[in-house]
Amino acid sequence: IFPILIGVLATAHAESLSQVLARLDKAADAFQAMTANLKQVDHTEVINEDETRNATVRMKRTRQGIVGRVDFAGPNRMMVGIRDRQVQRYFPQSNVVELWNVGKYGDQLDQFLLLGFSTSGKELRRNYNLRLVGTETVGEKVTTHIELTPKSKEAQEIFKKADIWLAQDANYPVQEMIHKNDQDYTRITYSDVKVNPVLSDKDLELNLPAGVNKITPQKN
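Residues numbered from 1 in each chain as written. Predicted model: local features only at pLDDT ≥ 70, side-chain atom pairs only at ≥ 80, totals over all residues. Heavy atoms only, no water.

Digging into the overall build of the chain
- From N to C terminus, the chain includes 6 helices and 12 strands.
- By residue count, 44% of the 220 residues in the chain fall in the buried class.
- Here the analysis covers contacts within the chain between residues at least 6 apart in sequence; of these, 49% occur between residues at least 24 apart.
- In the form shown here, the chain has an accessible surface area of approximately 12,300 Å², with 50% of it arising from carbon and sulfur atoms. (Helix = DSSP H or I, 4+ residues; strand = E, 2+ residues; numbered from the N terminus. Buried < 20%, exposed > 50% of the residue type's maximum accessible area, 1.4 Å probe, protein only. Contact = heavy atoms within 4.5 Å. Areas by Shrake-Rupley, 256 points an atom, 1.4 Å probe, with all protein chains shown as cover.)

Below you can see the structure in the form of structure tokens.
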């Protein structure tokens, strides 16, 4: 164990905020797509409860915005598709798909979905108030922890602030924490991250079955 600890300590170093943003600028220009496994924990303070779900995620940046698919596993399976500024949530057990039009929140959705993956340092400075928290280890990864507070009212309606832990040996987040308010949050931990894999349109489609019941909660 001691050689491992020595190796971790040797690779860890304190990055300045300017250094982190500069390497994100370089990574954003090259970013096209990503895949990963994720663990999502939704914490609700009023009942002191955590809901944990595992999923696979695939995202691709296009001229029209972000196209993606997230497949949640487990007894309450759910598939989420993002395309043309619309979010679809499909529940296989009930054969129901919810259609959500993000409308004016489209730009904020794009930023939120790929926060830390394709967002440049310049975009972060423009859209958030930033605070460098420090160097922290998440799992086996040495990371730089940054706190982001959105500047726009539209973004503030989605989340109050976010924390991201950026891997020091790669230009992507190991972990994110989205604070919905002062007490409730969503924590996402990524693993098996692949940047710029080849993704076809088929890889990102939900492939809804015939006879699926389509509902639009926003109109109800």
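Having seen it, we continue.
Brief notes about the pairing of strand β2 (residues 49-62)
- Note that strand β1 (residues 33-44) and β2 share 12 bridges and pair antiparallel. Bridge pairing links Lys-39 to Asn-54 in β2.
- Hairpin geometry of β1 and β2 is characterised by an intervening segment of 4 residues between the two adjacent antiparallel strands and by a positive phi of about 50° at Asn-48.
- In this sheet, strand β3 (residues 65-72) lies alongside β2 in antiparallel orientation, the contact comprising 8 bridges. Its bridge partner lying in β3, Arg-61 is registered against Ile-66. (Pairing = 2+ DSSP bridges.)

Overview of the nonpolar core
- Within the largest apolar cluster, 28 residues are counted, with the highest numbers of intra-cluster contacts made by Met-34, Met-59 and Phe-117.
- At the level of secondary structure, the elements contributing two or more residues to this core comprise β1, β2, β3, β4 (78-83), β9 (161-167), β10 (173-179) and β11 (185-195).
- A per-element tally of this core places β11 first, with 4 residues.
- If near-sequence neighbours (up to four positions away) are discounted, Met-34 is found in contact with Val-57, Arg-58, Met-59, Leu-114, Phe-117, Lys-194, Asn-196, Pro-197 and Leu-199.
- Formed by 14 residues, the second largest nonpolar core is a distinct cluster that contains Val-20, Leu-21, Leu-115 and Ala-162. (Core = buried A, V, L, I, M, F, W, Y, C linked by side-chain atoms within 4.5 Å.)

Side note on the packing of aromatic side chains
- By the definition in use, this model includes 3 aromatic pairs.
- With centroids separated by 6.4 Å and ring planes inclined at 10°, the aromatic side chains of Phe-117 and Tyr-172 adopt a geometry described as stacked. Highlighted residues: Phe-117 in the loop between α3 (106-113) and α4 (121-127) and Tyr-172 in the loop between β9 and β10, separated in sequence by 55 residues.
- You can call Phe-117 buried: its relative accessible area is 4%.
- What links up through ring pairs into an aromatic cluster is the set Phe-117, Tyr-172 and Tyr-190.
- Looking at Arg-53, its charged tip hangs above the ring of Phe-72, at a distance of 4.5 Å from the centre. (Phe/Tyr/Trp six-rings, centres within 6.5 Å; stacked < 30°, edge-to-face > 60°. Lys NZ or Arg CZ within 6 Å of the ring centre and 35° of its normal.)

Side note on the side chain of Thr-186
- You can see Thr-186 is positioned in strand β11.
- Judged by its relative accessible area of 9%, Thr-186 is buried.
- There is a polar contact of 2.6 Å between the side chain of Thr-186 and the side chain of Asp-42.
- Only 3.5 Å separates the side chain of Thr-186 from the side chain of Lys-180, close enough to count as a polar contact. (Polar contact = N/O pair within 3.5 Å; in protein donor to acceptor, adjacent residues only side chain to side chain.)

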